[in-house]
Structure formats: structure tokens, C-alpha cells
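A look at the structure
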Amino acid sequence: MDLFNNVQRKLLLGMASVGILAPTTVVASERDDSKTNFVVIMCDDVSFDMFGCYGNAKTHTPNIDKLASEGVVFSTAWNSAICSPARAEILTGCYGTTTGSYYNAFAIPEGNNRKNTNKIFHNHPTFSKILQDQGYKTAVAGKWHIGGAEHQDEACAGFDTYCMWEGVQTYKEITNKTWSGGTETPAMVTNSKSVKSARYWHPCIIQDHKEVETNSTDFGPDIFCKFICDFIDTSSKSSSPFLAYYPMTLPHGPYVETPLRTKSGSNHPNKGSKMPNDQRFEEMIDYIDILVGRIYETLERNNQIDNTVIIFTADNGTAVTAKSRGVERAVHVPYIVCGKGIKKRGMTHEICDATDILPTIIGLSENDYPKNFSCDGVDMTPFLTGQSDTHKDVIMACSASTQMLRTRDHLLEVVDPILGVPNGRYYYCGQHNNGKGYERAEDRKGSQKTLQMFKDLLQNKYVGLKKNHPYLKTKRGDRFMRQYVKPKSVKKHLYNHRDYQFYDESIVFEESTKWTPTTVVN
């Protein structure tokens, strides 16, 4: 049962000093506003259907819904299925098949140097680096977590300033101290190497290579949001345009009570909260909306709201029910764009994915690409500004060795030769995008041309992993694969969570394509 009625919600939202997006007092600013500013907000582990603009009636997201009504909200938008490759994808505009970032702790080095796992951004420039090189002030706050890529403080990432949740090892390297603040489950042991630092209450935060001192009443998302708002305040007084990238920690587990309920919450809520887990999760969505409202209010107060494009999305679907699976729900994320020059389309059935964010930022900013630059994304500027009524025809996503492809009305998912599913499952979706109403289309009249197009793309353009890939014979590759092909992992990966099994998920397996352990060569 929802403990918040409308009156209580409004009261608590008011106590948090943020309301629905509303006019505020603006300040004069001496700056050249011919260049567009950007605020990119990416939630952590949340599916598209958790927000009001996508039809959710349990969460309270008036600020995010306002963004949707003021711009474009995509009914079907994809990213990768899990954190690290999704974060690499949004920054570089490239799929995992291009960067080698396929999964958490599974990034295949490019080129001949197999030990070179940390050069993604040297090979594929980030949107922040491209704008920084052309005079933008840039900042990032929240969660980095891009295994196989350089960290946020390295020059190639392209950020002038940062404020990030860090682990105990990085904390000790920077401060020469052992972390003694908040920790998260399952880190309930005294060995410091096993402790996982908290991202929420009494969080472990490093800002520009220095510790941010926190205590038990400090809530990490508030600190990250304030950093973004302070950056907007400062940058609005500068003559330079700005880019603020906010990869949130919310609502990734543990699902905690937020400052709407407590002044000092528990990072171990199964022991420290009487609220059910799903209610804590929903109220964390509500808090995301409050933070979005704070950022919008800051832009308004600085007279920058009409000169800024806001992009709101997520890295992957909700944990447990979606994240990491090889199915569409795992990669189906919220995706809203509004602001300067963006046509008020509301909900659209055009399709897009996270690779489109980089070229769109470059297109809307009217900046130049670096020499010899390439990416997998397509500039959305013509569609967003109303010059065109269509965007692109196909989107793609990866989850480890699994690939998925979609047009507006057809879906090919769980294509994974390594798991013995080289042909995947093929569906006609019509106008549906939530799994309901899908019908198998391998033999459907009128669907064969699209299926052949998908096969051609996977064979010639987005070439995925096969069992003979040399990296799978390395120690790291072999270690990952042995976990990946365990029966329990395979069962989870190839099927939807039981609450979302809306369509035929039968599979025809081919043993000949499966990966099996071989001699490790290095």
C-alpha cells in the first residue's frame, strides 16, 4: 500500500525545497548564448515504465513528466543491458561490437595488445572531450563504473571537474586512509578489501581528487546534484557554454529510504527499514524526480533554461526483472529530450538508442567532429527540431555475447551463438513495445525481408562474439565465459523475468555453436 497520499507527497516535496517545474526568479547573465548548453542525466538500473510519462501511476514524477511534455519522449529507446558497456556506449556513441565493452568486467582490448584494456576513450572520443576541445566547460557527477575505460579524471574523458562515488581502494589510493564511513551489503566484514563503500547514506565521494567529508546524515544523490547545480551556477556566469553529465547512483540497489522519510537512513535496508523493498524502490524514483526538478530550477534561475538541451535516460533496465538479460526489456530505457530548438512532439514511436546521444549533442551544438571520427550513432537533430518526421530504421544492443536488433515493428532478441542460440527469437511487434501483443515471425508472411536485413547487419556490420574469438582463450576471457555459460546464468539470461513473460520465448538450441572450455593460451 502506498503510504503517500497526494497531500503528503506535496508536503514532502515542498520540504525538499523542490516543486514541480515552475517559473522562478532569473538573474542577469553577461554571456554569449549563441551556443547550446547540455545537461545529460542518466539513471542507474531503471526500466522505462517506472515513470509517469510512460504510464506508471505508482511513482510521482511531475518534473520528468514535464520534460516529456515540453519535448520528445521515445516509447522505444535502447541502451546496453548492463552498467559498464551502457556507460561506454552513451559517452562514445559506439556499440560494444565497436569498443569491445561487452559486459561488466568483460572489455576486449582493441588492436593486438591484449593487455591494453584501458584505452576505450583514447580510441573513441567522448562527447565531453569533443565539446571540451571546442570551448565548453564540462563536469560529471555521480557514478562512473566503466570497466575497460579510462577514469573520469583522465584528460581523454574530457571533464574539467568531477564529483564521484568511489570504492574503498580508490579512496585509499587518494587519501592514504581506510574508509570508515557508510558501507553496503554484502560488505559486513572487517577486512577493508571486502568492504563496499556506500553511495547513499554517509557516502564515499571524491571531488577533483580530494575527499568530500560526509557523515551519517549526508545522502550521496543530494551531494552529486548540488555539485551539478553549483557547476551550472558558476558556468552561467562564464562566457563559455557548458555540458553537465549526471550519471546518477539512483535507483541502483540497495533500495534505501530517502531524505523524504529519514534524516539518517540505512544502507542495509533489509535490517534498517520496515518498508517493503518495492516501496523503497518506487520512492527512490520519486527522489530522482526531485533531483531533476532542482537542476531545472537552477537552469531557470540562471536564465539558461531556454538555451539548454536536457537529455534524460538510463543505463539499462531495472535490476532483477530486466538488467543483464538478453531480452528486449533489459535494454529498454526511458529517453526524453527537451529544450532549446526541440520540437514539442510528446510521445513518439520513432526508435533510437544511446549511441545517438553523442552525434546529437554535436549536431545540436553545431560543433565539428574530430578528424577521422566515426561512431555507430545517428544525429537526431533533424527529427528533434522538426526538420524530419523520422529518425533511423534499426537499433541494436549487446549484453555480453548476446545481440538484439529492432525496427519500429520487428524485434530479434537473444542472438547468441556462444550460448547455442545463433538465430535468436524473432517477433512482429506492430505498435507494441512492452512485450504484450508480440507474435513469432520466423514464418510470418511479410516479415522475411526485415529478418534478412537483421541477419546481414549481424554478419557484416555489427559482428558479435563467436566461440573461436581469440580473447576467449585468454585467462580473463576464459574466466568470464566459465561463469557466463553456467546453466543457472544461461536460464536467467535467455528469458524474461516471470513477471514479464508476455510472449512466446521458446528456443531452438544448436550445440555446435556453443562455447566450451579450451586450453588457455595466455
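Residues numbered from 1 in each chain as written. Predicted model: local features only at pLDDT ≥ 70, side-chain atom pairs only at ≥ 80, totals over all residues. Heavy atoms only, no water.

**Section: unusual backbone geometry**
- A cis amide bond links Leu250 to the next residue, Pro251, at an omega of -5°.
- For Pro251, the location among the structural elements is in the loop between strand E9 (242-247) and helix H9 (269-272).
- Of note, the bond from Gly253 into Pro254 is cis; its omega dihedral lies within 30 degrees of zero at 10°.
- Considering the arrangement of structural elements, one finds Pro254 in the loop between E9 and H9. (Helix = DSSP H or I, 4+ residues; strand = E, 2+ residues; numbered from the N terminus.)

**Remarks on the packing of aromatic side chains**
- Taken as a whole and judged by the stated rule, the model has 27 aromatic pairs.
- Consider the rings of Phe51 and Phe312, whose centres lie 5.5 Å apart with planes at 85°: the pair is edge-to-face. Separated by 261 residues along the polypeptide, Phe51 in the loop between strand E1 (37-43) and helix H2 (62-70) and Phe312 in strand E10 (residues 308-314) bring together distant segments of the chain. Summarising the burial analysis for this pair, Phe51 and Phe312 share the class buried.
- Consider the rings of Phe159 and Tyr245, whose centres lie 6.2 Å apart with planes at 15°: the pair is stacked. (Phe/Tyr/Trp six-rings, centres within 6.5 Å; stacked < 30°, edge-to-face > 60°. Buried < 20%, exposed > 50% of the residue type's maximum accessible area, 1.4 Å probe, protein only.)

**Digging into the packing of H2 against helix H10 (residues 277-301)**
- Relative to each other, H2 and H10 sit at 60°, their axes nearing to 7 Å. On the basis of the axis angle, H2 is oblique to H10. Facing H2, whose interface residues are Pro62, Asn63, Ile64 and Leu67, H10 presents Ile288, Asp289, Ile290, Val292, Gly293 and Tyr296.
- A class-by-class count of the residues in the contact of H2 with H10 yields 7 nonpolar, 2 polar and 1 charged. (Axes fitted to C-alpha atoms, helices over the stretch in contact; angles between N-to-C directions. Parallel < 35°, antiparallel > 145°, perpendicular 65-115°, else oblique. Contact = heavy atoms within 4.5 Å. Nonpolar A, V, L, I, M, F, W, Y, C, P; charged D, E, K, R; others polar.)

**A word on the nonpolar core**
- Counting 104 residues, the largest nonpolar core has Phe51, Phe127 and Ile295 as its most contacted members.
- Leaving out residues up to four positions away in the same chain, Phe51 has contacts with Cys43, Val46, Asn56, Thr59, Thr61, Ile64, Asp65, Ile285, Phe312 and Pro334.
- Counting residues in hydrophobic clusters, the runner-up holds 34 residues, among them Ile351, Tyr438, Phe480 and Tyr503. (Core = buried A, V, L, I, M, F, W, Y, C linked by side-chain atoms within 4.5 Å.)

**Re the sheet that holds strand E14 (residues 402-406)**
- Spatial strand order, E13-E14-E15-E16-E17: 5 strands in an open sheet with antiparallel pairing. Whereas interior strands pair on both sides, the edge strands pair on one side only; in this sheet they are strand E13 (395-399) and strand E17 (439-440).
- Direction of pairing for E13 relative to E14: antiparallel, over a ladder of 5 bridges. Its bridge partner lying in E14, Met396 is registered against Leu405.
- Against the sheet, helix H14 (residues 448-460) contacts E14, strand E15 (410-415) and strand E16 (425-428), and its axis sits at roughly 40° relative to E15. (Pairing = 2+ DSSP bridges.)

**Considerations on the side chain of Thr161**
- Within the secondary structure, Thr161 sits in strand E6 (residues 161-165).
- Dropping the residues within four chain positions of it, Thr161 is found in contact with Thr138, Ala139, Val140, Asp208, Phe227 and Phe231.

**Regarding the sheet that holds strand E5 (residues 137-142)**
- In spatial order, the strands read E8-E7-E6-E5-E9-E1-E10-E11-E2-E12; together these 10 strands make up an open sheet with mixed pairing. Only two strands of the sheet have a single neighbouring strand rather than two, namely strand E8 (210-212) and strand E12 (346-353). Geometrically, the sheet is characterised by an average inter-axis angle of 20° between neighbouring strands, direction not taken into account.
- The pairing of strand E2 (residues 72-78) with strand E11 (residues 335-339) spans 2 bridges and is antiparallel. The residue of E11 that forms the bridge with Val73 is Ile336.
- Its contacts with the sheet put H2 on E2, E10, E11 and E12, and the angle it makes with E11 is roughly 70°.

**With respect to the pattern of salt bridges**
- Per the stated rule, a full pass over the model turns up 27 salt bridges.
- Close ionic contact of Arg199 with Glu184 constitutes a salt bridge, the shortest N to O distance being 2.9 Å. Of this pair, Arg199 sits in the loop between helix H7 (168-175) and strand E7 (205-207) while Glu184 sits in the loop between H7 and E7, and the two are 15 residues apart along the sequence. A single burial state applies to Arg199 and to Glu184, both of which are buried.
- Among the salt bridges present, the one from Arg425 reaches Glu505, with a minimum N-O distance of 3.6 Å. Of the two residues, Arg425 sits in strand E16 while Glu505 sits in the segment after helix H16 (487-494), which places them 80 residues apart along the sequence. (Salt bridge = Lys/Arg side-chain N within 4 Å of Asp/Glu carboxyl O.)

**Section: the environment of Met347**
- With respect to the secondary-structure elements, Met347 resides in strand E12.
- Along the chain, Met347 and Val414 lie 67 residues apart, while their C-alpha atoms are 27 Å from each other.

**Side note on the side chain of His252**
- Here His252 lies in the loop between E9 and H9.
- Among the residues examined, His252 registers a relative accessible area of 14% and is labelled buried.
- Those residues in contact with His252 that lie beyond four places of it in its chain are Asp44, Asp45, Lys143, Arg199, Tyr200, Met284 and Lys323.

**Looking at the pairing of E12**
- Where burial is concerned, most of E12 is hidden: 6 out of the 8 residues are buried.
- Pairing of E2 with E12 involves 6 bridges; the strand directions are parallel. Residue Val73 lies in a different strand from E12, and its bridge partner there is Met347.

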